[in-house]
Structures are given as structure tokens and as C-alpha cells.
Amino acid sequence: MPPVSRLFDFIVIGGGSGGLACARRAASYGAKVALIEGSGRLGGTCVNVGCVPKKVMFNGASIMEAIEDAKHYGISVESRSFDWGALKTARDAYVKRLNGIYENNVIKDNVEYVDGMASFVSSTEVKVNDAVLKASHILIASGGHPVIPKVEGAEYGISSDGFFELEKQPKRVAVVGSGYIGIEIAGIFKALGSDVTVFTRTPHILRHHDSIIGDTMMGEMERMGIRFEHNSSVRGIKKHDGAEFPLELRWATAGSDTEHSGHYDCVLWAVGRAPNTAPLNLAAVPGIRLNKTGHIVADEYQNTGESGVYSLGDVFGKSELTPVAIAAGRRLADRLFGGPRFADSKLDYVNIPTVIFGHPTAGTVGLTEDQARKEYGADNVKVYQTRFTNMYNALTPYKPPTAMKLVVTGPEEKVVGLHLIGRGCDEILQGFGVAIKMGATKRDFDNC
């Protein structure tokens, strides 16, 4: 029996934040929209195994830290016990409620939700289950997944996805990777009571951020008791069944032939993410190209090399952040279905604020100091920076720093970068982001 053929105005592959936003906005203009998602739940990485459950765990970790600080304010807290299972149960129930809300919103907005894996038949046709869906416009918003390194015994470790599947708290954790995902999870584990070691290939962490963030974060994490194995190259994992710490992680340090090992009950891989393109049969769409990282190449309007096929979000690979995917999706739907006034609708990917929910939190927008010197020339860049202690810590014996760096260029001292780390920086960044987007200068900051 041949597949059933169905016609739509717009097909969206991927029910994550960007795909959902784009599908719903398109339907609001009267377009007949199909939304395809193969995981069985809507919301994508952010809602299910990303920012939402991560922030719940971060909040729990922050409360534990506040309990420790309470005694310095004369507040007695008799118990510091923590139940990982109880938090996981409540967190998972919250995520499930969100899944239901997303599904209800899709129904309410007259978007047809198709549960299944999409595979291209042609540039205007997609096969799902036993049906072929056709449309003159197709968006690929299929997201991404954690990378597992190709080393011996890698299957004994878990990814960031697996972090949210843990039924009980590990006692001793190795986090392999020092990007924002690894650093966030390492901080959560430690604040909740686990012993943590972070493995990084270089002497630094958060290498894609300004040094004031990476250096300050590492100092604070070391103060918390997190250990770092710098310049390390992990060789593999060997499992010893029945041992208290059954995972033997082996690594070498740059410049030495000596192999080291340590024993853990959890090894977490945080070595990067890759786009979800394998199931899509992109070979059926000759105009689509992938870059060297496997992401789908698209222009500033989200157009791929194939007319009528678009890409955004993690599979596009530019500013892989939930609010970015949502904004890009809405602007694409505006342009395709919103009429002439949206003919030039697109997202500006310059100066997008981003936050790291580490311990402490950090925020950044614009160019790092090194990037600014490379782009504008060293003589045309000036840096203003400060370090101080937040008054929250006025009565605590330790004084975590708050550090801020302003990167400016030209005689007018236009702000091209802002980098913050310390208590509350995650919440205050957005206002600064608006100012920098509007072209604020150092004088504007001084006048505020």
C-alpha cells in the first residue's frame, strides 16, 4: 500500500523551542502547519534535558549554599539533609506538566502535531510513519545531542542527558569537559554534596568566554573544593563491578607519557554537542550543505541552499540558545506568512546576551577583550574592569568576588563587550544587553 500523501503550507521538523515558536506563529497567520517530533514529547532539549531541569537543579544547589550561609546571619537551620530522589521526582513532574502545556498550545493554535521521525523524500516532501507530507516551505529545527567521545569504555559514562536520569546522587564524580555545560553541572554536583573533579584539555575553562569569567569561575570552583585535572587527555574507562567506585577513569597529562587513573561512581561526558541530521535523509535535498561541524548552512534569513527549506536552532549551530531559536522562528514565520510588512524580517545574531549558571553565575554579551583587539586593533580598544565583594557576603567569612569587564572601542568609547561574574549577574545582564544593542558608550554607562 503506497504512503498516504497530505498537503500543508508549512512543515516544521522538530518540536523544540524554535520549531514550536515558528509553527505556532505561522498558524496564527492562517497557514496549515504540520509539526513533526520523534521523541514523543514536545519542548526539545531546553524543556526536557536542558535549561529547565538544569535550572531546577541549580536552584536546589543554590538553596543548599544559602543554608550554609544562614548561620552567619544568626539563622539556625537544624538539618542540611538532601534527598536527590525527591528533587528528581518533583522536577520530572514539572517537566511533564510543561510537555502537556506545549501540546495543548499546539492544539489550541491549530497546528497538527505528528508524532514520528521525519525523513526527506524531496525538497517539498517528508515521510513520517506511513504518510508523505508535502509543503512548499519546510523548516529543519531538529536540534542537537551530546557527543560521546570515542574512547574505550565510553558507554560507562553518561552525558548531560543522563544527568537528568540519575536516580540517586553519586558520591564521587568526574566531569570531562570544561565548557559551560560541564562547569554548570560540576557546580551543581558539588553544591549538593558530591566530590567533583573536572578534566580539561587546557590550563583554562570556559575558553570561548572572556578570561575574566573563566579565571574567576575556576578560582571560585577551587575554593568550593572542586579539583581540576588540567591539560588532560582521557584515555578510557574500565568498570569494576561491585566496587564502591566502579568506574576507573584513565588519562594522560600533556607533556608526559605517564598514565593516571582515578575511581568514581559517575563519569559525565561534557565534550560538546552535535546536530541531529542523521535521520533526515538530507541527501534527498541536493541544495542543503553541511559545514565542518555538521550543522546545516543557512543565511541570515535562515534560508538553506535549497529554495523553500530553512534551518534554525541547534541544527543551524549559531548562538545555540532557547530565546534565540524562539526569536528566529517567529521572525521566519512572519516573513513567510505575515505579509509584505515582514518581507525583511530576520533575527540579528550580533550582541546576543548569554548566561552561565555556574557557582557563581556569569553573563556575557558582545566581544571578548581578545576578540575586540583582533577586530578593531589593539590600539583602538580600551578595557575597564572592577572587582568587589557583594554585600550578601558582608557577614560571611569568605568573600567571593564579583568581577566586571567593559570592552570599548574608538574615541567615543562605544561598548562592544560586557563580561560579568558574581551573585546576581545572571539577572542583571539583559538590561545591559539592550543598552549595548542600542550602541551605548562608556559615557552612557557613567551617566546611568
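The structure under discussion appears in the preceding block.
Conventions adopted
- Residues numbered from 1 in each chain as written.
- Predicted model: local features only at pLDDT ≥ 70, side-chain atom pairs only at ≥ 80, totals over all residues.
- Heavy atoms only, no water.
- Helix = DSSP H or I, 4+ residues; strand = E, 2+ residues; numbered from the N terminus.
- Rg over C-alpha atoms; globule rule 2.2 N^0.38 Å.
- Buried < 20%, exposed > 50% of the residue type's maximum accessible area, 1.4 Å probe, protein only.
- Contact = heavy atoms within 4.5 Å.
- Areas by Shrake-Rupley, 256 points an atom, 1.4 Å probe, with all protein chains shown as cover.
- Salt bridge = Lys/Arg side-chain N within 4 Å of Asp/Glu carboxyl O.
- Pairing = 2+ DSSP bridges.
- Axes fitted to C-alpha atoms, helices over the stretch in contact; angles between N-to-C directions.
- Disulfide = S-S within 2.5 Å.
- Phe/Tyr/Trp six-rings, centres within 6.5 Å; stacked < 30°, edge-to-face > 60°.
- Lys NZ or Arg CZ within 6 Å of the ring centre and 35° of its normal.

Things to note about the overall build of the protein chain
Turning to step 1, where the next piece is worked out: Counting its regular elements, the protein chain contains eleven helices and 23 strands.
Turning to step 2, where the next piece is worked out: For 448 residues, the compact-globule estimate of 2.2 N^0.38 gives 22 Å, and the C-alpha radius of gyration of the protein chain, at 24 Å, lies within 12% of that figure.
Turning to step 3, where the next piece is worked out: Of all 448 residues assigned to the protein chain, the portion counted as buried reaches 50%.
Turning to step 4, where the next piece is worked out: Summarising the internal contacts of the protein chain: among those between residues at least 6 apart in sequence, 62% fall at separations of at least 24.
Turning to step 5, where the next piece is worked out: Accessible surface computed for the protein chain: about 21300 Å², of which carbon and sulfur atoms make up 51%.

Brief notes about the pattern of salt bridges
Turning to step 1, where the next piece is worked out: Applying the stated rule across the entire model yields 24 salt bridges.
Turning to step 2, where the next piece is worked out: Close ionic contact of Glu112 with Arg6 constitutes a salt bridge, the shortest N to O distance being 2.4 Å. Residue Glu112 is located in strand S4 (residues 111–115), and its partner Arg6 is located in strand S1 (residues 4–7); the two are separated by 106 residues in the primary sequence.
Turning to step 3, where the next piece is worked out: Between Asp334 and Arg25 there is a salt bridge; the shortest N-O distance is 3.0 Å. Here Asp334, found in helix H8 (residues 322–337), pairs with Arg25, found in helix H1 (residues 17–28); they are 309 residues apart in sequence, far enough to count as distant.
Turning to step 4, where the next piece is worked out: In this structure, a network of salt bridges that share partners links the residues Lys88, Arg91, Asp92 and Glu167.

Focus on the sheet that holds strand S3 (residues 33–37)
Turning to step 1, where the next piece is worked out: Taken in spatial order, the five strands of this open sheet run S4-S3-S2-S8-S18, and their pairing is parallel. The open sheet has two edge strands, S4 and strand S18 (309–311), and neither has a second partner. Pairs of neighbouring strands in the sheet enclose a mean axial angle of 20°, with direction left out of account.
Turning to step 2, where the next piece is worked out: Pairing analysis gives four bridges linking strand S2 (residues 10–13) to strand S8 (residues 137–140), with the strands arranged parallel. Bridge pairing in S8 links Phe10 to His137.
Turning to step 3, where the next piece is worked out: Strand contacts of H1: S2, S3, S4 and S8, with the helix running at about 165° to S3, the strand carrying the most contacts.

Focus: the environment of Gln302
Turning to step 1, where the next piece is worked out: Residue position: Gln302 is located in the loop between strand S17 (273–275) and S18.
Turning to step 2, where the next piece is worked out: Relative accessible area serves as the criterion here: at 3%, Gln302 is assigned to the buried category.
Turning to step 3, where the next piece is worked out: Considered as a pair, Gln302 and Gly313 are eleven residues apart in the sequence and their alpha carbons are 9.8 Å apart.

A few points about the state of the cysteines
Turning to step 1, where the next piece is worked out: Under the criterion given, the structure shown has one disulfide.
Turning to step 2, where the next piece is worked out: Covalently, Cys46 is tied to Cys51 through a disulfide, its sulfur atoms 2.1 Å apart. Every disulfide takes its handedness from the sign of the S-S torsion; for Cys46 and Cys51 that torsion is -140°, giving left-handed.
Turning to step 3, where the next piece is worked out: Cys448 carries a free sulfur, and the closest cysteine sulfur to it, the one in Cys425, is 16 Å from it.
Turning to step 4, where the next piece is worked out: By relative accessible area, Cys448 is classed as exposed at 88%.

Notes on the packing of aromatic side chains
Turning to step 1, where the next piece is worked out: For the structure shown, the criterion picks out 13 aromatic pairs.
Turning to step 2, where the next piece is worked out: Both rings, one in Phe316 and one in Tyr349, keep their centres 5.8 Å apart while their planes meet at 65°; by these two values the pair is edge-to-face. On the criterion of sequence distance, the pair formed by Phe316 in the loop between S18 and H8 and Tyr349 in the loop between H8 and strand S19 (354–356) is long-range, its members being 33 residues apart. The residues Phe316 and Tyr349 share a single accessibility class, namely buried.
Turning to step 3, where the next piece is worked out: Through pairs of rings, three or more aromatic residues link up here, namely Phe82, Trp84, Phe163, Phe164 and Phe189.
Turning to step 4, where the next piece is worked out: Geometry around Phe245 places Arg172 over its ring, the cationic atom sitting 3.8 Å from the centre.
Turning to step 5, where the next piece is worked out: Directly above the aromatic system of Tyr384 lies the positively charged group of Lys442, at a separation of 4.2 Å from the ring centroid.

As for the pairing of strand S11 (residues 195–199)
Turning to step 1, where the next piece is worked out: By the criterion of burial, S11 is predominantly enclosed, with four of the five residues buried.
Turning to step 2, where the next piece is worked out: Inspection of the sheet shows strand S10 (residues 172–176) paired to S11 by five bridges, in the parallel sense. Its bridge partner lying in S11, Val176 is registered against Phe199.
Turning to step 3, where the next piece is worked out: The pairing of S11 with strand S12 (residues 227–229) spans three bridges and is parallel.

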